[in-house]
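# Descriptive analysis of the structure
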Amino acid sequence: MAEAPLAALGQDRPLVLVSNRGPVSFVVPDGGGEPVARRGAGGLVSALGPLLRDTGVTWVAAAMSAGDEVVARRGVTEAEGYRIRLLAFEPDTWSGHYDEVCNEALWFVHHGLWDPVYEPSWSSQWMDGPWAAHRRVNRAFAEAVAEDAPPGAVVLIQDYHLCMTAPVLRRTRPDLTLVHFSHTPFAPPDWLRMLPAGARAELIEGLGAHHRCGFHTRRWAEDFEASCRAQGVVPPAVFVAPLGPDIGDLERTAASQEFATALSELDRMVGDRDFVVRVDRIELSKNLLRGFLAFESMLENQPERHGRVVFGAYCYPSRLGVDAYDRYHRSVLEVVERVNRRFGNPDWQPIHYDPVDDYPRSMAALARADVVVVNPIRDGLNLVAKEAALLNGRHAQLVLSPEAGAWEELSALAWRSDPFDVDQTAGAIAEALDVAGDERVRRAETWRTAAAHRTPEAWLADQVVAAGDGRAGPGRS
Ligand code: G6P
């Protein structure tokens, strides 16, 4: 794709991309030596990476590995077609920012993951420790952008880690246009009030200082606007730009030898049984646990399915520095083992759970699926819900939670799974397995059309267009 997407935008202003996780991660080889670049993890990077490769756009990101830290000391680095500036932080600053604020507080508040009877509980130490670290990291990003950004550049700041760079940049570089895009949902006012008053005020003021703020769906944009008003801040102009799957990348994966090998192994494993599939990070908001409970409930109530259906769950580890993730993973494994013990026999293992991050195998599973389960508690978009449609040629059906951002685009064809209602989800999986004939084909074809509607190029273009001509005024709607 090289320079095509940016050229297609017809925009002549330089771009700077800013995100917590960079497009590549550097690994120091065993025994030392020059760090080697590997593709970075996560949805944000896989969406943006191919678009910005070989474009000369500077990508400012945090150093997250020992290899990244070596590279960070060199200033701007060229690697794998990217122009990267990595910022390194002291371990305490980094864990305060990334683990304690981003992943344990902001991620939880935007996804509604707290049980208010027990958590959260704030202290002044939290504000002086982790929150101050988070503020320092945001400031360091702002200073790096202020140093590197060409005059009049459009700065595309990505996601919930970096909501507070704009006030500094507004003061130091008034020539820049600042666009923020949230890959997550946004906390409505009642949830945002669960943060300490000082933290939520800084967060909203930080976002409010951008010229434009973007979201995957109207619903998250409205929650953000409501939270601004509840804080007494006039919301900045918002825009809605759902991400779409990278069709070229999916086609290349589907043409690879690894994909073909994985597909034939899955064929052998599933045989003529029905195949229910999920592909996720091991992540609290993805609701793996209730997905397996729903499958258990279906097997309990419909013994005729015993031996006739397999649930393939390809769920790879994430954020291992956060205790709650480790605990969650253990609870998930307990349920998987229980279901397999309860219903399985030497000829049939009901759930095939695999935590290995094997991308071609996960894509092959989506291609082989009869039903794809995406039942998050809350999710910014959920790209798997779109990718599966483009990979699958078997008229697979989608079981989808209305709390996924993708619901807005896919509700006409999906089987609804209310994320907290286990038996309703069990019913949705069963109906999706059983639907036949024209209705099955209609839903599958509508899914494919809806999933292909948006592309990563269109999504990036929307962010650049949102920046306008740089005379966007104070950024208020
Ligand atoms: C989500 C977030 C991204 C993040 C990714 C992986 O998709 O919106 O910003 O990069 O998860 O999470 P991690 O914490 O490993 O970067």
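Residues numbered from 1 in each chain as written. Predicted model: local features only at pLDDT ≥ 70, side-chain atom pairs only at ≥ 80, totals over all residues. Heavy atoms only, no water.

Tallied over the entire structure, the rule returns 30 salt bridges. Put simply, aspartate 190 and arginine 193 hold a salt bridge, and the shortest N to O gap is 2.4 Å. Residue class for arginine 193 comes out partly exposed when judged on its relative accessible area of 46%. Where aspartate 280 meets arginine 278, a salt bridge forms, and the shortest distance between an N and an O atom there is 2.8 Å. Assigned by exposure class, aspartate 280 and arginine 278 land together as buried. Salt bridges linked by common partners bring Glu296, Glu300, Arg338 and Arg342 together as one network. (Salt bridge = Lys/Arg side-chain N within 4 Å of Asp/Glu carboxyl O. Buried < 20%, exposed > 50% of the residue type's maximum accessible area, 1.4 Å probe, protein only.)

With mixed pairing, 8 strands are arranged side by side in an open sheet as S5-S6-S4-S1-S7-S8-S9-S10. The sheet is open, and its two borders are formed by strand S5 (77-79) and strand S10 (237-240), each paired with just one other strand. Put simply, the sheet's adjacent strands are angled 25° from each other on average, direction ignored. Sheet strands touched by helix H2 (residues 43-52): strand S1 (15-18), strand S4 (58-62), strand S6 (82-87) and strand S7 (154-158). Its angle to S4, the strand with the most contacts, is close to 155°. Along the sheet, helix H5 (residues 124-148) contacts S1, S4, S6 and S7; its crossing angle with S6, the most-contacted strand, is approximately 140°. (Pairing = 2+ DSSP bridges. Helix = DSSP H or I, 4+ residues; strand = E, 2+ residues; numbered from the N terminus. Axes fitted to C-alpha atoms, helices over the stretch in contact; angles between N-to-C directions. Contact = heavy atoms within 4.5 Å.)

Among the nonpolar cores identified, the biggest contains 137 residues, and Phe292, Tyr353, Leu366, Leu398, Leu400, Leu410 and Trp447 are the most heavily contacted of them. For this core, the element with the highest residue contribution is helix H13 (residues 323-343), accounting for 8 residues. When residues of this core are sorted by domain, at least three fall in each of domain 1 (4-243 + 457-469) and domain 2 (247-453). Ala62, Trp94, Ala144 and Ala209 belong to the second-largest nonpolar core, a separate cluster that totals 24 residues. (Core = buried A, V, L, I, M, F, W, Y, C linked by side-chain atoms within 4.5 Å. Domains from an automatic or database assignment.)

Strand order in the open sheet formed by 6 strands is S13-S12-S11-S14-S15-S16, and the pairing between neighbours is parallel. For this open sheet the edge positions go to strand S13 (351-354) and strand S16 (415-416), each flanked by a neighbour on one side alone. In this structure, strand S14 (residues 371-374) lies alongside strand S15 (residues 397-400), joined through 4 bridges in parallel fashion. Across the sheet, residue valine 372 finds its bridge partner in S15, namely leucine 398. Relative to strand S12 (residues 309-316), helix H12 (residues 288-301) is tilted by about 170°, and along the sheet it contacts strand S11 (274-281), S12 and S13.

What follows concerns the domain arrangement of the protein. Considered domain by domain, the protein is made up of domain 1 (4-243 + 457-469) and domain 2 (247-453). With 26 residues of domain 1 at the contact, the number on the domain 2 side is 23 residues. Area buried by domain 1 at its contact with domain 2 is led by Trp107, Arg219 and Leu243, which between them contribute 25% of it. For the interface between domain 1 and domain 2, the tally reads 2 salt bridges. Note that glutamate 403 is salt-bridged to arginine 219, the shortest N-O span being 2.7 Å. Mapped onto the side of domain 1 that touches domain 2, the elements with two or more residues apiece are helix H4 (91-111) and helix H9 (218-230). Grouping the constituent residues of the side of domain 1 that touches domain 2 by class yields 13 nonpolar, 7 polar and 6 charged. (Buried area = accessible area lost by both parts, 1.4 Å probe. Nonpolar A, V, L, I, M, F, W, Y, C, P; charged D, E, K, R; others polar.)

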